[in-house]
Amino acid sequence: MKTFDFNAIQQPVFPVTLRDDDKTVVHVTYPTVELLDRFMGMVPELQEVSKTKDGHTIRATFGLVAEILSSNEDGFTFTAEELRDRYNMTLFGVFQFVAAYMAFIREAQDAKN
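Residues numbered from 1 in each chain as written. Predicted model: local features only at pLDDT ≥ 70, side-chain atom pairs only at ≥ 80, totals over all residues. Heavy atoms only, no water.

(A) Local environment of the overall build of the protein. Within the protein, the regular secondary structure consists of four helices and two strands. N-terminal to C-terminal, the α/β element order of the protein is β-β-α-α-α-α. Each principal axis of the C-alpha atoms in the protein carries an extent, and together these give about 55 × 35 × 20 Å. Looking at the protein as a whole, 34% of its 113 residues qualify as buried. Looking at the protein alone, contacts between residues at least 24 apart form 63% of all its contacts between residues at least 6 apart. In the form shown here, the protein has an accessible surface area of approximately 7,600 Å², with 53% of it arising from carbon and sulfur atoms. (Helix = DSSP H or I, 4+ residues; strand = E, 2+ residues; numbered from the N terminus. Buried < 20%, exposed > 50% of the residue type's maximum accessible area, 1.4 Å probe, protein only. Contact = heavy atoms within 4.5 Å. Areas by Shrake-Rupley, 256 points an atom, 1.4 Å probe, with all protein chains shown as cover.)

Here it is as structure tokens:
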């Protein structure tokens, strides 16, 4: 019988370049089950936030994106405030990131099937 080695699994990584002067590159890892659940639960709210401009949902969205970006191979951690202030992330940028992150998740899921 063959041995299965979890250490041999190549984990999917999503490189993201931030909008700071250094153009910092973050290698975002595939989300945990809990993070994926929260992200997928927020997607419908994101579709509404562009219409309603609800401040609470916008802040929560920046917080979730900070948590996603903090799940990386590089050891970086981020806060919502840092994303807005230091990395010049806009709400439009968040929407673009969410679409790209969803594509990364789909691609990673399709690759293992």
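Now that the structure is up, let's keep going.
(B) Broad picture of helix α2 (residues 55–70). Taking 1.5 Å of rise per residue, 16 residues should cover 22 Å, and α2 covers 22 Å from first to last C-alpha, within 8% of that figure. Regarding α2, the residues found buried are Thr 57, Ile 58, Thr 61, Phe 62, Leu 64, Val 65, Ala 66, Ile 68 and Leu 69. (Expected span 1.5 Å × (residues − 1).)

(C) Examining the environment of Tyr 101 more closely. Relative to the helices and strands, Tyr 101 is located in helix α4 (residues 91–111). Through-space distance from the C-alpha of Tyr 101 to that of Pro 44 is 15 Å; in sequence the pair is 57 residues apart. Residues within four places of Tyr 101 in sequence aside, it is in contact with Phe 14, Val 28, Thr 29, Pro 31, Phe 39 and Ile 68.

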